[in-house]
Structures are given as C-alpha cells and as structure tokens.
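Remarks on the overall topology
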Amino acid sequence: MEKILECTDLTKRFSYNKKSSFAAVDGVSLSIFKGETYGLVGESGSGKSTLANMIASLEKADSGQILFKGEEIPLHNREKMLNFRKEMQIIFQAPYATLNPRHKIGFIIEEGLKIHKIGSSQKERLGLVNEMRTLIGLPPDSLEKFPSELSGGQRQRVAIASAMILRPEFVICDECVSSLDVLIQAQILNLLKGMQKSLNLTYLFISHNLNVVVYMADRIGVMYHGKIVEEKPTNELLKNPEHQYTKKLLQAVNF
C-alpha cells in the first residue's frame, strides 16, 4: 500500500512558565496509507489536536519529521506551500467559529477556489459551488444565507464543503462531529464516508468518542499523555486490546 503520510518521532512541548514545560506530543510516529481512514482516539488533553495541527502545518514541531507524499512539508516555499494547502485540508470541531459571520455561505465555499485560482470565471466557480452544495446536501437558498441562519449540522456541512471543494487528497477531521447531536452526527459521518468513496479521499479522523472512531476507521491509534500507546486494525483492536488505557476505553463504551 502507498503511504500518503509518514510522521517520525514528532515532539511538541508547551511551557507552563519559564522554568517548566510539558510534552503535548511526545515522540509520535505513524503512517497513513492512501485511501484509508486512520482513527486517532484519546481523551481531551491527550495531544490529538496538537498532532493534527503539526501535520497540517498550523503548528511547528519541536523535533521529528513529517513526510506528505514522500516529501517534507515545504514550509519555506510559498508556491509549494499553497499547493500543499490545497492537497491537505482540515475540518475543525466548531464550524461557527471557523465560518466568517459577515459573509454568505456561497462566498465562504467559493473563497478557496479564488485563493487557488480554480475556475476561469465567476460562472464556472458558481457551478463548482453548486455541485458541492448538492453533494453535501444543502438546499439552493442556503448559498444566500449567513452562518447564523443555519443549524449546527448545516454549518458543519458548509465547513466540509469549504474543504472538499478544493478536491484534496488528504483530510484531517478534528472532532468534527463532537458538537452535534447523535442524529446529526450519524448524518455527517455517513456524508464523510460517501465523499471518501466518490472523491478518493484519505482521512485522519480524530475523536475522543471511540464509538465514532470505530465506525469510521480502518485502523486506530490510541493516544494517551502525548504518545500513541497502541495501534491496530479496528477489528483487531476491539478483539485484542493490549494497553490498559485501550481496555478502559473499550469498557467505557461496552465493547
């Protein structure tokens, strides 16, 4: 299988004060293969989002290496970095915080197309926006609304559309359903699964909810105190957990 992402010995420390610090991510290594969903599960504060931010180049690692499609992330090359941003997208937990409340939904979804110069005209871009709107299941009039006029589930669909409209190869889903109720969660998870097949996507799916991760992931890494303490194919992890923390997670959700 082809590796799309490879992280080696990633570390990130944060300071309490001038004299003391802690490792939010402590020597993490992992590989993700093209077309799979890699699930990362752990309690709040385990380092999941810090790891995601380093992979997405929103946070600089103190040490270690990240290879995307066999190459290091081009931090100091503006043109290559722009292309990297197009190929790797991230969907965050709180869509309302990431959507500009001053702009209408159509503008928000189209913005990425403008930045990356996709579409030769406004008409062509609007066609792409409407195509994506249909794919994520929003009504036509939603493009003329502001984020505050949409429900939480609809706003998350907009956040997904803003990422997917660039046709990335790799998408980080960072607690992207944790703020939604159970019914809407199921709808969004099924949407993500469907889009993975139709758009040939690879996911890093992050959640504190093991049930959700089990539903989505082909393989699962269990993160605890900044380290990945166990990693297995999903079915194998359920049948044969080895680390005590993994066993506690499974017991908590009655697997």
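Structural notes, computed from the coordinates. The model shown is predicted, which means the values in this text are computed figures rather than measured ones.

Reading the values: rules and limits
Residues numbered from 1 in each chain as written. Predicted model: local features only at pLDDT ≥ 70, side-chain atom pairs only at ≥ 80, totals over all residues. Heavy atoms only, no water. Axes fitted to C-alpha atoms, helices over the stretch in contact; angles between N-to-C directions. Helix = DSSP H or I, 4+ residues; strand = E, 2+ residues; numbered from the N terminus. Left-handed = near helix turned anticlockwise from the far one by under 90°. Contact = heavy atoms within 4.5 Å. Expected span 1.5 Å × (residues − 1). Buried < 20%, exposed > 50% of the residue type's maximum accessible area, 1.4 Å probe, protein only. Arc of directions from axis to C-beta. Disulfide = S-S within 2.5 Å. Pairing = 2+ DSSP bridges. Salt bridge = Lys/Arg side-chain N within 4 Å of Asp/Glu carboxyl O. Parallel < 35°, antiparallel > 145°, perpendicular 65-115°, else oblique. Nonpolar A, V, L, I, M, F, W, Y, C, P; charged D, E, K, R; others polar.

Here we take up the packing of helix α4 (residues 105–115) against helix α5 (residues 122–136). α5 packs onto α4 with a crossing angle of 115 degrees between their chain directions and a minimal axis gap of 10 Å. At the point where α4 passes α5, the crossing takes the right-handed sense. Note on element contacts: α5 touches α4 through Gln122, Arg125, Leu128 and Val129, opposite Gly106, Ile109, Glu110, Leu113 and Lys114.

Moving on, we come to α5. Over its 15 residues, α5 runs 21 Å from end to end, which matches the ideal 21 Å to within 8%, given 1.5 Å per residue. Buried residues of α5: Arg125, Val129, Met132, Arg133 and Ile136, and no others. All buried residues of α5 fall inside an arc of 105 degrees around its axis, so they share one side. In α5, the exposed positions that point more than 90 degrees away from the buried face belong to Lys123 and Thr134. Buried-residue contacts for α5 involve α4, α6 (152–164) and α7 (182–199).

Before going further, it helps to spend a moment on the state of the cysteines. Inspection of every chain in the model, using the stated rule, returns zero disulfides. Among the cysteines around Cys173, which has no disulfide bond, Cys176 carries the closest sulfur, lying 4.4 Å off.

Read across the sheet, six strands follow the order β6-β7-β8-β3-β9-β10 without closing on themselves; strand pairing throughout is mixed. Only two strands of the sheet have a single neighbouring strand rather than two, namely β6 (88–91) and β10 (227–233). For this sheet the average axis-to-axis angle between neighbouring strands, irrespective of direction, equals 15 degrees. The pairing of strand β9 (residues 219–224) with β10 spans six bridges and is antiparallel. Note on β10: the bridge partner recorded for Arg219 is Pro233.

On to the pattern of salt bridges, then. A side chain of one charge can pair with a side chain of the opposite charge if their charged atoms are brought near each other. In the structure shown here, the tally under the stated rule is 14 salt bridges. One salt bridge connects Arg219 with Glu36, and the closest N-O pair in it is separated by 2.6 Å. With Arg219 in strand β9 and Glu36 in the loop between β2 (21–33) and β3 (37–41), this residue pair connects regions lying 183 residues apart in the sequence. As far as the burial class goes, Arg219 and Glu36 line up, both buried. One salt bridge in this structure joins Lys232 and Glu230, with 3.4 Å as the shortest N-O distance.

This part is about α6. If you check α6, its first and last C-alpha atoms are 18 Å apart, about what 13 residues at 1.5 Å a residue would give, namely 18 Å. Most of α6 sits out of view: eleven of its 13 residues are buried. If you check which residues of α6 are buried, you get Gly153, Arg155, Gln156, Arg157, Val158, Ala159, Ile160, Ala161, Ser162, Ala163 and Met164.

Right, let's get into the packing of α6 against α7. Between α6 and α7, whose axes approach to 11 Å, the crossing angle comes to 15 degrees. In this view, α6 runs roughly parallel relative to α7, as classed from their interaxial angle. When the axes of α6 and α7 are compared, the crossing they make is right-handed. Residues Gly153, Gln156, Arg157, Ile160 and Met164 of α6 form the contact with α7, whose own contacting residues are Ile184, Gln187, Ile188, Leu191, Leu192, Met195 and Leu199. For the contact of α6 with α7, the residue count by class is eight nonpolar, three polar and one charged.

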